[in-house]
Amino acid sequence: FEFIGELLVPTAPFDQKSGREAWSVAFSPNGSYFAWSQGHRIVRLVPWTKCLKSFDRSQTITVDDDPREHTLDCGDIVWSLAFGSSVPEKESRCVNIEWHHFKFGQNHLLLATGLNNGRIKIWDVYTGKLLLNLMDHTDVVRDLTFAPDGSLMLVSASRDKSLRVWDLKDDGNMVKVLRGHQNWVYSSAFSPDSSILCSVGAGKAVFLWNMDKYTLIQKLEGHHNDVVSCEFSPDGALLATASYDTRVIVWDHHNATILLELGHLFPPPSPIFAGGANDRWVRSVSFSPDGRHIASITDDRLIRFWSIEEKAPQAIAFLSNGLCCSFSTDGKVLAAGTRDGSVHFWECPRSIASLQHVCRMALRRIMTTQQVEALAIPTPLQDYLTYRVV
């Protein structure tokens, strides 16, 4: 787990206190750009290859015009970021398509930024221009996530206790408000096939939504404190959630069972005192694109790299004041944002996935747990395919 570099924020005399946090870091789906909220309203968009070259001291950096770096002034503190790319065949759910300002083609790459005042600003990544200003939330937009299917459907999670679904192909029209959370919503994530949305928040809540009908499927019970981060595995078979109860839970969300608990405090706190060990609060969880590894950031100044096959972390690195983390598109690098606005990067331990695991992921992309359980196959194979035995 090797530290390879960092992106630092230029220090200004006035930024001693709050407002300088990097609440969000993100890689674009095609791996071309990296974005981070570096505090004080500013988002930086950096070409990822240029970024990697700057970490490698042995390489000479040649500055070319394409792709370009951008600094976006969002006008308020930025809490969340998400990249979205378009697939032209994906029709908008809207009827009056001829009225639209934007025709999003194959080469469009957008960045959505969620702000302190409840606004969401949509930017063109290649030009750095502001395209849309979405206004409906009444409090902090804590998290943003695009549907992975290229439809440019965007979901925003807010402290106003709601989730909102926006259709950017319909000029950012708001399609639906998802209500059910009793408290702040911290984070949301789409399943890889875009059919399910997970949303997590204060009050131990883990919600699963059907995104074809915009209805609540169920709530997952298991955390003892606020749940602040969630992400599906790349094959859609698993769901990881991180909580202030010092744990990351890996769920089989199809049948609402807990497959694995990654503990950050030993012995684990009892449910009654679940909020007591606040130096072990888990802030962020991220699934590696290989489907076998998970990263977690905790208030104990450590970042952990887990294998889903083991109960103990595979690698640990020091990180003071970490807030968020994300894997690069190829899974080789892990980025983490901190309270001082800077981003740190680690090269992830390399390992070759077994052919069994590759086949399991291919199968689980198209089959639910219930469908696998209905197959006439030996029990050990069934257990492997449903991740009961990893």
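Residues numbered from 1 in each chain as written. Predicted model: local features only at pLDDT ≥ 70, side-chain atom pairs only at ≥ 80, totals over all residues. Heavy atoms only, no water.

**Some details on the sheet that holds strand β8 (residues 119–124)**
Inference 1: The strand order across the open sheet built from four strands is β6-β7-β8-β9, with neighbouring strands paired in antiparallel fashion. A single partner strand is all that each edge strand has here, and the edge strands are β6 (78–85) and β9 (130–135). For this sheet, the mean angle separating the axes of adjacent strands, direction not counted, is 20°. (Pairing = 2+ DSSP bridges. Helix = DSSP H or I, 4+ residues; strand = E, 2+ residues; numbered from the N terminus. Axes fitted to C-alpha atoms, helices over the stretch in contact; angles between N-to-C directions.)

**Thoughts on the UniProt feature "repeat: WD" (unreviewed entry) in the chain**
Inference 1: The UniProt feature table records "repeat: WD" (unreviewed entry) at residues 134–176, 178–219, 220–261, 282–316 and 326–347.
Inference 2: Helix makes up 0% of residues 282–316 and strand 57%, whereas the separation of the span's terminal C-alpha atoms amounts to 14 Å.
Inference 3: Each end of residues 326–347 is marked by a C-alpha atom, and these two atoms are 12 Å apart; helix forms 0% of the span and strand 59%. (UniProt positions renumbered as here; feature names shortened; annotations may be inferred.)

**Concerning the pattern of salt bridges**
Inference 1: Applying the stated criterion across every chain yields a total of 13 salt bridges.
Inference 2: R41 serves as the salt-bridge partner of D73, at 2.7 Å between the closest nitrogen and oxygen. Linking D73 in strand β5 (residues 70–73) with R41 in the loop between β3 (33–37) and β4 (42–47), this pair joins segments that are 32 residues apart in sequence.
Inference 3: Given the relative accessible area of 38%, D73 is considered partly exposed.
Inference 4: Exposure remark for R41: the relative accessible area of 39% places this residue in the partly exposed category.
Inference 5: Across the pair E347 and R350 runs a salt bridge whose closest N-O atoms are separated by 3.1 Å.
Inference 6: E347 gets classed as partly exposed once you look at its relative accessible area, which sits at 27%.
Inference 7: For R350, a relative accessible area of 62% gives the class exposed.
Inference 8: Residues participating in the shared-partner salt-bridge network are R44, K50 and E69. (Salt bridge = Lys/Arg side-chain N within 4 Å of Asp/Glu carboxyl O. Buried < 20%, exposed > 50% of the residue type's maximum accessible area, 1.4 Å probe, protein only.)

**Overview of the confidence of the model for the chain**
Inference 1: Here the chain averages 90 in pLDDT, and 90% of its residues register 70 or above.
Inference 2: When mean pLDDT is taken per element in the chain, strand β14 (residues 185–190) scores highest with 98 and helix α1 (residues 48–55) scores lowest with 90. (pLDDT = per-residue confidence, 0-100.)

**Considering the layout of surface pockets**
Inference 1: In this structure, the second largest pocket spans a volume of roughly 230 Å³.
Inference 2: Of the residues in the lining of the second largest pocket, the class split is five nonpolar, seven polar and four charged. (1 Å grid on protein atoms, 1.4 Å probe; cavity = no way out; pocket = protein on both sides within 12 Å on 5 of 7 lines; lining within 4 Å. Points joined across faces, edges and corners; volume = space filled by probe spheres on them. Nonpolar A, V, L, I, M, F, W, Y, C, P; charged D, E, K, R; others polar.)

**Here's the deal with the packing of aromatic side chains**
Inference 1: Counting across every chain of the model gives 17 aromatic pairs.
Inference 2: Considering the side-chain rings of W48 and F345, the 5.5 Å spacing of their centres and the 40° angle between planes classify their relative orientation as tilted. Of this pair, W48 sits in helix α1 while F345 sits in strand β28 (residues 343–347), and the two are 297 residues apart along the sequence.
Inference 3: What makes W48 buried here is its relative accessible area of 6%.
Inference 4: Ring geometry for W184 versus Y186: centroids 6.2 Å apart, planes at 70°, classification edge-to-face.
Inference 5: Judged by its relative accessible area of 36%, W184 is partly exposed.
Inference 6: Ring-pair connections join several aromatic residues into one group, and the members of that group are F27, F34, W36, W48, F55 and F345.
Inference 7: If you follow R360 out to its NZ or CZ, it ends over the ring of Y387, 3.9 Å from the centre. (Phe/Tyr/Trp six-rings, centres within 6.5 Å; stacked < 30°, edge-to-face > 60°. Lys NZ or Arg CZ within 6 Å of the ring centre and 35° of its normal.)

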